[in-house]
Amino acid sequence: MIEAETKIVVPFHDIDVMRIAWHGHYVKYLEIARCELLDKIEYNFPEMEASGYAWPVIDLHIRYASPLNFGQQVTVKSKIIEWENRLKIAYQIVDKDSGKRLTKATTTQVAVDIQSKEMLFESPKVLFEKLGIKP
Ligand SMILES: CC(C)(COP(=O)(O)OP(=O)(O)OC[C@H]1O[C@@H](n2cnc3c(N)ncnc32)[C@H](O)[C@@H]1OP(=O)(O)O)[C@@H](O)C(=O)NCCC(=O)NCCSC(=O)c1cc(O)c2ccccc2c1O
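The structure presented is a predicted model; accordingly, all values stated were derived computationally and were not measured. (Residues numbered from 1 in each chain as written. Predicted model: local features only at pLDDT ≥ 70, side-chain atom pairs only at ≥ 80, totals over all residues. Heavy atoms only, no water.)

On to the overall build of the protein. Secondary structure assignment for the protein yields three helices and seven strands. In the protein, the order of α-helices and β-strands from amino to carboxyl end is β-α-α-β-β-β-β-β-β-α. Dimensions of the protein, computed from the C-alpha atoms along their principal axes, are close to 45 × 25 × 20 Å. Classification of the 135 residues of the protein by burial places 41% in the buried group. The contacts of the protein with a sequence gap of at least 6 include a subset with a gap of at least 24, amounting to 64%. Total accessible area computed for the protein in this model is approximately 7,900 Å², and 53% of it derives from carbon and sulfur atoms. Considering the protein, the positive charge centre built from 18 side chains and the negative charge centre built from 19 side chains are found 7 Å apart. (Helix = DSSP H or I, 4+ residues; strand = E, 2+ residues; numbered from the N terminus. Buried < 20%, exposed > 50% of the residue type's maximum accessible area, 1.4 Å probe, protein only. Contact = heavy atoms within 4.5 Å. Areas by Shrake-Rupley, 256 points an atom, 1.4 Å probe, with all protein chains shown as cover. Lys, Arg positive; Asp, Glu negative; His and termini not counted. Charge placed at Lys NZ, Arg CZ, Asp CG, Glu CD.)

In structure tokens:
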């Protein structure tokens, strides 16, 4: 399945009074990783828009198992785990050096027809084509 690995160094402007990454910033780390993953299948935002579908995030889950520290080098591993009816991506944030798992997360996106603004209950053919899978 399609996977990506994205390097992030926890920046000073993301840390809180405990010198760990504030929980809200994780959404950006996932977004950066997701864009890299979607670029791999050439179906990131511009291609989605050109295909006639918006893909809003409708669900997000994050398990903050261990904190991310200021300056820590981490790898966000992302992979597509569902595509038939919705686009679900699973993430693991691991320490770059030790490989220790720090965070688990998932996001779910659904296709919305840009013209009609209606949600599709089955993913459009274009996603299957991008994934190299027969619908
Ligand atoms: C809270 C924790 C310190 C608990 O850790 P602990 O290890 O004691 O707990 P668990 O046993 O449940 O383990 C958690 C997780 O780690 C896995 N694990 C444990 N040991 C190992 C090991 N040796 N090797 C590998 N893995 C291990 C274990 O399996 C569990 O994983 P699962 O996925 O299986 O569940 C710790 O969880 C922790 O520090 N978490 C990070 C918390 C964090 O960074 N949160 C975000 C920043 S805090 C923040 O944003 C924030 C916002 C606010 O608005 C606030 C407002 C007011 C006050 C504070 C705020 C605040 O802090």
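The subject of this paragraph is the site of the ligand. Looking at the ligand, there are 14 residues lining it, with His-23, Arg-63, Tyr-64, Ala-65 and Arg-101 nearest. At 2.6 Å from an oxygen atom of the ligand is found a main-chain nitrogen or oxygen belonging to Ala-65. Between the ligand and the protein, one listed contact pairs an oxygen atom with a side-chain N or O atom of Arg-101 at 3.1 Å. Against a free-state accessible area of 1,200 Å², the protein chains account for coverage of 39% of the ligand. Those elements that place two or more of their residues in the shell around the ligand are β3 (57-64) and β6 (101-109). Residues of the shell around the ligand, tallied by class, amount to eight nonpolar, two polar and four charged. (Near = heavy atom within 4 Å. Polar contact = N/O pair within 3.5 Å; in protein donor to acceptor, adjacent residues only side chain to side chain. Nonpolar A, V, L, I, M, F, W, Y, C, P; charged D, E, K, R; others polar.)

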